[in-house]
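Structure assessment
This is what each chain is made of:
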Amino acid sequence: MAAAASGLEIDVEVIRALQADGKIGNSLAFAQKTGIDHQALVGVFGSLSTGEIVDKSAPLKESVYALTPQGEEYLRDGLPEFKVLELVEKSPTGLTRDDPQLKAYPLAEAGLKFGMKEKILSRDKAGVYTAKASAKDWKNPTLADMLLIREKTGSDAEKEAAAKRLGSRKLCTKKELAYFCATPGANFPTEPDCVEKRSWRAKKPADFDADMLQKMLETGKIVDMKPANLNAYGLRPAGGNLHPLMKLRQVYREIFLELGFQEMDTARWIDSSFWNFDTLFVPQQHPARDSQDTFFVSNPPKTVDHPADYLDLIHKVHTAGDFGSTGYRSAWSKDETERNVLRTHTTAISAYTLHQIGQEYKKTGVLRTGAYFSIDRVFRNEQTDKKHLCEFHQMEGFVLDYGLSLSNMMSLLKAFFERVGLGNLKFKAAYNPYTEPSMEVHTEDTKTGKVMEVGNSGVFRPEMLRPMGIPEGATCIAWGLGLERVAMRHYKLDSIHDLFGHEVSLPFVQNAATPRV
């Protein structure tokens, strides 16, 4: 039998406790009292219950508060506001955000924020922070809450209040712990010296063999076999798990295919500004092309291999206009269009596909109409928060045919979004450089009444389609939506960091079911 770290024989402790009290009511409490590892204790319960020495209950649940990994780190290394207070206190004239002492501390912003909130720091109009308390004497309320949770002291009301305060900083979480009860079983040892003899450890054979059969025939006695535990769990496979986001991606991919869409090749994470912006009639002065919104690639910095005739048409449409448009009448630089970027949207993939279709039309005179889709990763140089990351997955679809109108697009969007479980759509006029008209797509939650934007849509402009070779009279309707936003709704997550990134829970990845839409 397993032994506790302190040298105790776990099965002996269990037998003694049952002899004395007739019941072990909570395995967690028993493990804490005796210093036995809880998992090892549960294993002994299982072994003893196999021989009906003890009866083990079904798993029961107990809610407890525990510090998060970040909370444990703060408890070990010090809270950011305390560390910042120490730094500011050492400076006679105070510190600003740009001072090297604060810049060298990675959690300085958090420290300044909570230091001001706790009123241990002050800031003047010049942005200089000074200490209003002594780091040595300051009684940190957050630290007191963390110690109360870790040491499990105080009343339930005090722990609940502390957990609520710490939860706002993601320093504490509520966990559901499983525990078991144990009572004497049918074969529980009753002899006075059973503990000294360890009589319950006498092993019964688990497998039947030829020698045992021969012995039974000779003696006429039935061998007392070890009972088979038909409820025992097998070993869980140690293989990997498909990420919940990829599960949902496959679900949406199959929906597109069922609706008759063809999948576009998206293997171009790095692209030129020509394909990412200029072919989509996005002016070179547009804010989206600034470094604050786009990741520019330094190696290689440029792509110079573009179709020359197409490049000239794009230049003309932007600067002088064509195909019934006056263009932007603004400066246009070849150096700018050659700059490489991490693609900001999968509409660049749609531009590739439409250009190929247009070139085929020029050669054959037959337009390849149809519906196309893509689902892949895109990148934006944006401020991250609980709803946004610098990278996400964009789903995009377009339909190319003659005579399509705005009403066709609205009907198609309603059919598509209802198919993926997002009904009660609302449309709102919007602006996109490459679509006119353009509409945001919103859905209203029937339970909460909250309205959430789920996508963008529009009719591709002639300034985009005609230079590609798409003939006059042909119309292309298109829409796109973020996969993460839909996934957060499916999995009922409040923060995108719980879905994508280093903060994702591995049990969530292992156990999240494939959504049904």
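All of the points below concern the structure found in this document. Small disclaimer: the values here were computed from a predicted structure and weren't measured. Note that residues are indexed from 1 along each chain, following the sequence as it is written. Reporting of local features is limited, given that this is a predicted model, to residues whose pLDDT is at least 70; pairs of side-chain atoms are given and counted only at 80 or more, and all residues count toward the totals for whole chains, interfaces and linings. Side-chain measures here rest on the full set of heavy atoms in the structure, leaving out hydrogens and waters.

**What about the sheet that holds strand S13 (residues 435–444)?**
Strand pairing requires that DSSP identify at least two bridges connecting the strands. Helix and strand definitions follow DSSP, with helices as H or I runs of at least four residues and strands as E runs of at least two, each counted in order from the N terminus. The strand order across the open sheet built from seven strands is S7-S10-S11-S15-S14-S13-S12, with neighbouring strands paired in mixed fashion. Each edge of the open sheet carries a strand with a single partner, namely strand S7 (262–263) and strand S12 (425–432). Summarising the sheet, S12 and S13 pair through seven bridges and their orientation is antiparallel. Opposite alanine 429, over in S13, you have methionine 439 as the bridge partner.

**Section: the pattern of salt bridges**
The term salt bridge refers to a side-chain nitrogen of Lys or Arg lying within 4 Å of a carboxyl oxygen of Asp or Glu. For the coordinates displayed, the defined rule picks out 16 salt bridges. A salt bridge links arginine 268 to aspartate 271, with the nearest nitrogen and oxygen atoms 3.7 Å apart. When a residue's accessible area, from a 1.4 Å probe over protein chains only, is under 20% of the maximum for its type it is buried; when over 50% it is exposed; and in between it is partly exposed. When its relative accessible area of 36% is taken as the criterion, arginine 268 is described as partly exposed. Aspartate 271 gets classed as buried once you look at its relative accessible area, which sits at 2%. Between glutamate 360 and arginine 368 there is a salt bridge, with its nearest N and O atoms 2.9 Å apart. Accessibility expressed as a relative area gives 34% for glutamate 360, which makes it partly exposed.

**Observations regarding helix H14 (residues 308–319)**
Residue count minus one, scaled by 1.5 Å, sets the expected span of a helix. Here H14 spans 17 Å end to end across 12 residues, near enough to the 16 Å set by a 1.5 Å rise per residue. When we look at burial in H14, the residues that qualify are Tyr310, Leu311, Ile314, Val317 and His318. Viewed end-on, H14 has its buried residues packed into an arc of 130 degrees, placing them on one side of the element. Summarising the geometry of H14, the exposed residues directed more than 90 degrees from the buried face are Ala308 and Asp312. We call two residues in contact whenever any of their non-hydrogen atoms come within 4.5 Å of each other. Taken together, the buried residues of H14 touch helix H13 (273–276), helix H15 (334–338), helix H16 (347–364) and helix H18 (462–465). Trailing H14 by a residue or two, glycine 321 shows a phi angle of about 90 degrees, which is positive. The reported arc concerns the directions from the helix axis to the C-beta atoms and nothing else.

**Structural notes on the packing of helix H4 (residues 69–77) against helix H8 (residues 141–151)**
Between H4 and H8, whose axes approach to 11 Å, the crossing angle comes to 115 degrees. Where H4 crosses over H8, the handedness of that crossing is left-handed. Of the residues in H8, those in contact with Gly71, Glu72, Tyr74 and Leu75 of H4 are Leu143, Met146, Leu147 and Arg150. Here the residues of the contact of H4 with H8 sort into five nonpolar, one polar and two charged. Whenever a helix is involved, its axis is fitted only over the stretch in contact; in every case the axis is a line through C-alpha atoms, and angles between N-to-C directions fall within 0 to 180 degrees. The crossing is said to be left-handed when, going from far helix to near helix, the turn is anticlockwise and less than a right angle, and right-handed when the turn is clockwise. All amino acids are sorted into three groups, where Ala, Val, Leu, Ile, Met, Phe, Trp, Tyr, Cys and Pro are nonpolar, Asp, Glu, Lys and Arg are charged, and the leftover types, Gly among them, are polar.

**Considerations on the environment of arginine 368**
Among the structural elements, arginine 368 can be located in the loop between H16 and strand S10 (370–379). Each C-alpha atom, one on arginine 368 and one on valine 441, is 28 Å from the other, the two residues being 73 residues apart in sequence. When residues no more than four places from it in sequence are discounted, the contact partners of arginine 368 are Ile357, Glu360 and Leu400. A polar atom in the side chain of arginine 368 sits 2.9 Å from the side chain of glutamate 360. Polar contacts here mean pairs of N or O atoms no more than 3.5 Å apart (in protein, one a potential hydrogen donor and the other a potential acceptor; neighbouring residues in sequence count only if both atoms are side-chain atoms). Separated by 2.9 Å, the side chains of arginine 368 and tyrosine 372 make a polar contact.

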